[in-house]
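Structural description and commentary
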Amino acid sequence: MAGERQHYYGKHGTPQKYDPAFKGPIYNRGCTDIICCVFLLLAIVGYVAVGIIAWTHGDPRKVIYPTDSRGEFCGQKGTKNANKPYLFYFNIVKCASPLVLLEFQCPTPQICVEKCPNRYLTYLNAHKSQDFEYYKQFCVPGFKNNKGVAEVLRDGDCPAVLTPSKPLAQRCFPAIHTHKGVLMVGNETTYEDGLGARKNITELVEGAKKANGVLEARQLAMRIFEDYTVSWYWIVIGLVIAMVISLLFIVLLRFLAGIMVWVMIVMVILVLGYGIFHCYMEYARLRGEAGSDISLVDLGFQTDLRVYLHLRQTWMAFMIILSILEVIIILLLIFLRKRILIAIALIKEASRAVGYVMCSLLYPLVTFFLLCLCIAYWASTAIFLSTSNEAVYKIFSDTACSVAGKTCNPETFPSSNESRLCPGAYCQFAFYGGESNYHRALLGLQIFNVFMFFWLANFVLALGQVTLAGAFASYYWALNKPDDLPAFPLFSAFGRALRYHTGSLAFGALILAIVQIIRVMLEYLDQRLKAAENKFAKFLMTCLKCCFWCLEKFIKFLNRNAYIMIAIYGTNFCTSARNAFFLLMRNIIRVAVLDKVTDFLFLLGKLLIVGSVGILAFFFFTHRIRIVQDTAPPLNYYWVPILTVIIGSYLIAHGFFSVYGMCVDTLFLCFCEDLERNDGSQERPYFMSPELRDILLKGSAEEGKRADVEE
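Residues numbered from 1 in each chain as written. Predicted model: local features only at pLDDT ≥ 70, side-chain atom pairs only at ≥ 80, totals over all residues. Heavy atoms only, no water.

Topic: the overall build of the chain
Scanning the chain for helices and strands turns up 24 helices and 12 strands. At a minimum sequence separation of 6, the contacts of the chain that also span at least 24 residues come to 72%. Total accessible area on the chain is roughly 37,000 Å²; 65% of this is exposed by carbon and sulfur atoms. (Helix = DSSP H or I, 4+ residues; strand = E, 2+ residues; numbered from the N terminus. Contact = heavy atoms within 4.5 Å. Areas by Shrake-Rupley, 256 points an atom, 1.4 Å probe, with all protein chains shown as cover.)

A look at unusual backbone geometry
Non-glycine residue aspartate 33 carries a positive phi angle of around 50°. Take aspartate 33: it is sitting in the loop between helix H1 (2–11) and helix H2 (34–57). The backbone of phenylalanine 488 shows a phi angle near 50°, a positive value even though the residue is not glycine. Mapped onto the fold, phenylalanine 488 is located in the loop between helix H17 (442–476) and helix H18 (489–500). Residue classification places phenylalanine 488 among the exposed positions, given a relative accessible area of 61%. (Buried < 20%, exposed > 50% of the residue type's maximum accessible area, 1.4 Å probe, protein only.)

Some remarks on the pattern of salt bridges
The tally for this structure, following the rule as stated, stands at 10 salt bridges. Aspartate 131 is paired through a salt bridge with arginine 119; the nearest N and O atoms lie 3.6 Å apart. Residue aspartate 131 is located in the loop between helix H5 (123–126) and helix H6 (132–136), and its partner arginine 119 is located in the loop between strand S2 (110–113) and strand S3 (121–122); the two are separated by 12 residues in the primary sequence. Residue classification places arginine 119 among the partly exposed residues on the basis of a relative accessible area of 34%. Salt-bridge contacts for arginine 560 lead to aspartate 665; the nearest nitrogen and oxygen are separated by 2.5 Å. (Salt bridge = Lys/Arg side-chain N within 4 Å of Asp/Glu carboxyl O.)

Here's the deal with the confidence of the model for the chain
In the predicted model, the chain carries a mean pLDDT of 77, and 80% of its residues have values of at least 70. Element-level pLDDT for the chain is lowest in strand S10 (residues 198–200), with a mean of 38, against a maximum mean of 92 in H2. When the criterion is pLDDT under 50, residues 1–10 qualifies, and its contacts beyond four places in sequence or with other chains add up to 9 contacts. Here residues 178–185 is a poorly scored stretch, pLDDT under 50, and it has 24 contacts once near neighbours within four places are set aside; other chains count. (pLDDT = per-residue confidence, 0-100.)

So, the state of the cysteines
For the structure on display, the rule yields 3 disulfides. There is a disulfide in this structure between cysteine 116 and cysteine 172, and the S-S distance comes to 2.0 Å. Here the disulfide of cysteine 116 and cysteine 172 is left-handed, its torsion about the S-S bond being about -85°. A residue pair is termed long-range when its members are at least 10 positions apart, and cysteine 116 in the loop between S2 and S3 and cysteine 172 in strand S6 (residues 171–174) qualify at 56 residues. We classify cysteine 116 as buried; its relative accessible area is 10%. (Disulfide = S-S within 2.5 Å.)

A closer look at the pairing of S2
Consecutive side chains of a regular strand alternate in pointing toward one face of the sheet and then the other. Burial along S2 is two-sided: the face carrying Gln110 and Cys112 and the face carrying Ile111 and Val113 are both buried. As paired strands, strand S1 (residues 86–89) and S2 are joined by 4 bridges and run antiparallel to one another. Within the sheet, the bridge partner assigned to leucine 87 lies in S2 and is cysteine 112. (Pairing = 2+ DSSP bridges.)

A few points about the nonpolar core
Formed by 98 residues in total, the largest nonpolar core has its most connected members in Val261, Trp455, Phe472, Tyr476, Leu601 and Leu604. For this core, the leading source of residues is H17, giving 19 residues. If we ignore the near neighbours within four places in the chain, the residues touching leucine 601 are Val261, Met264, Ile265, Ile340, Ala343 and Ile347. (Core = buried A, V, L, I, M, F, W, Y, C linked by side-chain atoms within 4.5 Å.)

So, the environment of tyrosine 89
Mapped onto the elements of the fold, tyrosine 89 is located in strand S1. Given the relative accessible area of 9%, tyrosine 89 is considered buried. Through-space distance from the C-alpha of tyrosine 89 to that of arginine 171 is 8.3 Å; in sequence the pair is 82 residues apart.

Things to note about H17
Over its 35 residues, H17 extends 51 Å from the first C-alpha to the last, a length consistent with the 51 Å expected when each residue adds 1.5 Å. Among the 35 residues of H17, 27 are classified as buried, and the element is accordingly described as predominantly covered. (Expected span 1.5 Å × (residues − 1).)

Some remarks on the environment of leucine 692
Among the structural elements, leucine 692 can be located in helix H24 (residues 690–710). Measuring from C-alpha to C-alpha, the distance between leucine 692 and isoleucine 344 comes to 9.8 Å, with 348 residues separating the pair along the chain.

A few points about the packing of aromatic side chains
Under the defined criterion, the tally for this structure stands at 30 aromatic pairs. Ring geometry for tryptophan 315 against phenylalanine 318: centres 5.8 Å apart, planes inclined by 85°, an arrangement best described as edge-to-face. Placement of the pair is tryptophan 315 and phenylalanine 318 together in helix H12 (residues 312–335), with a separation of 3 residues, close to one helical turn. Residue classification places phenylalanine 318 among the partly exposed positions, given a relative accessible area of 36%. An aromatic cluster is present here, built from Tyr47, Trp55, Tyr377, Phe384 and Phe448 joined pairwise through their rings. (Phe/Tyr/Trp six-rings, centres within 6.5 Å; stacked < 30°, edge-to-face > 60°.)

Overview of the side chain of threonine 467
Turning to its location among the elements, threonine 467 is positioned in helix H17. Within polar-contact distance, the side chain of threonine 467 engages the backbone oxygen of leucine 463 at 2.7 Å. Leaving out residues up to four positions away in the same chain, threonine 467 has contacts with Tyr363, Leu490, Ala493, Phe494 and Ala497. (Polar contact = N/O pair within 3.5 Å; in protein donor to acceptor, adjacent residues only side chain to side chain.)

Description of the pairing of S6
Residues Arg171 and Phe173 of S6 are buried on one face, and the alternating residues Cys172 and Pro174, pointing to the opposite face, are buried as well. As paired strands, strand S5 (residues 165–168) and S6 are joined by 4 bridges and run antiparallel to one another. Bridged to leucine 168 within S6 is arginine 171. Linking two consecutive strands that pair antiparallel, namely S5 and S6, is a turn of 2 residues; a positive phi of about 55° is found at alanine 169 within it.

Considerations on the layout of surface pockets
Over the atoms a probe the size of a water molecule is rolled, and this reveals where empty space is left. Approximately 1,600 Å³ is the volume attributed to the largest pocket. Looking at the largest pocket, it is lined by 46 residues, and the ones nearest its centre are Leu461, Arg560, His654, Gly655 and Ser658. Elements represented by at least two residues in the lining of the largest pocket include exactly helix H9 (212–255), helix H14 (363–386), H17, helix H19 (502–529), helix H20 (535–569), helix H22 (588–621) and helix H23 (639–677). Here the element with the most residues in the lining of the largest pocket is H23; it accounts for 12 residues. Around the second largest pocket, the lining comprises 31 residues; the ones closest to its centre are Phe318, Leu322, Phe618, Ile642 and Ile646. Among the elements that take part in the lining of the second largest pocket, H22 stands out by supplying 8 residues, more than any other. Residue composition of the lining of the second largest pocket, grouped by class: 25 nonpolar, 5 polar and 1 charged. (1 Å grid on protein atoms, 1.4 Å probe; cavity = no way out; pocket = protein on both sides within 12 Å on 5 of 7 lines; lining within 4 Å. Points joined across faces, edges and corners; volume = space filled by probe spheres on them. Nonpolar A, V, L, I, M, F, W, Y, C, P; charged D, E, K, R; others polar.)

In structure tokens:
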């Protein structure tokens, strides 16, 4: 047995030796991973340079205000379009192109108009009728009716069709709605075509059917935006309630850790039980109601999600999902009941540590603020880069022409040499971009912008983890708690992390950022390959996405423990990652028993907070309860504020519990180190508290005996 244990330790590094001088986080340390620190500083300088260049060339007004194909703003004073406030798209269907997400422009000719079209007309019917004067205002400025129909449509001088539209954000969008289950464009009236035949407006749907998906999505977005405008203050109130509940839960966890954990477990079971009961009552209420037995498959996708709540099958699905979740949690609690007692002891010790370093509960606000800065800089730079493109015009010709394909200026082209060389050529809008080196490098700059966002965001998270780990490690390695605890442990750990380990944090964040940018590229390629029918390519892409997802999770786990070792010993990233990995491997049973069980308990705590706030939001926004005399505002989709409150509550609860999670992970690694360094004698006493020692060592002994029996 001794030989096997020695072989095991040889495979997973050398256990720590007793060091009488070791008293916790080392203060006399040097800078680590200086090269990575230099690279990070150079990258930040380059990132700032990219931002300055983008801000110089970009114009975010292109996103806020509409611009025509010539790059001129609509409705802006001092321009020739001052009396034309609305933007009209020749072919709205092209706005569904993925290019819109990168360029913030639809790849179709666009002009400024005084008002949006209010009738259905085709150019074929209008060009030789009394409607042409009306139709002409939606053609390019200066258009004259001296070409054939095919030439006009080919040259992009006029749109092929006009549909009744309504202005939204100063842009004209077809007024599509449903009437008695039929998709309609405009009002249910009739129009007279150029041949004198009268037709019902419902026939216009055929002309706009390709744009249905885009228009329904825009209509859905409009309704969601309206819901946010009337319910935002109630959403804020819900998030404040979630923050108060999370803070109260954490404070109670500090003084009543054992009781709170069991209360948390029971409450989660009760909340899920109520969810199952509510789903069954709704399922029973819909029995016999007309249309409630329609299946989800037959109904298909509907933008109005409230429709699904009138189906019995929907509530049956909810009930099954909640029941499965309830059974899984109960079974886990039954099989992990002894391990839960050990995990509770670790949570109690973490509560004491948090109690002595109370300012650690506020540190997530620092991380949140720094992440907001990263997101704001990335978003603003992305917008400025995307709006750096210019309208590019190319020379087109139906006959052989030496200058065809070259750039041109539509205002000066009629009198230019190119026009004389090719009399049949014309200057037409081609795309949004540019011919300069800057415009050719825009895609690379956008990728660099995303990569730097990942790098800096991961660096901010790493800084928070090292800071919290250093503070909690100072608590653990204080022999006489709290007398030996240093003053301001959180600020000391923050200063050490920035002064000595910026390079190590940058190194770990860089590795993670590389994996994340690869995952983004794989997602992009997957979207591009969706139209392909190559099954092998889809299978390979799925495997790659799965592998890199697993790799990202493993790197996050390894980085987290490496940062703890950096906070304690001040070693470089690679050494810390290796020592942390080997330490965990030497205590793999304890990792499974303690670390993951505590993560499970914290997850239950998050679910309890989210479930409580979510149920309250559900009853409020569905008008089932009232607060004093105020009631929920009328909404298009009541699930919009409910989902927002639920997601926001989870993020808030995660922020508070992340402090406890980091504390537990730090104490766990320190506990493993303590067992290897000391033996509990007077000469080599344990640094852990007596309560923690009794429970953890007893649990470890039981696991060791069980392992020996299995061997």
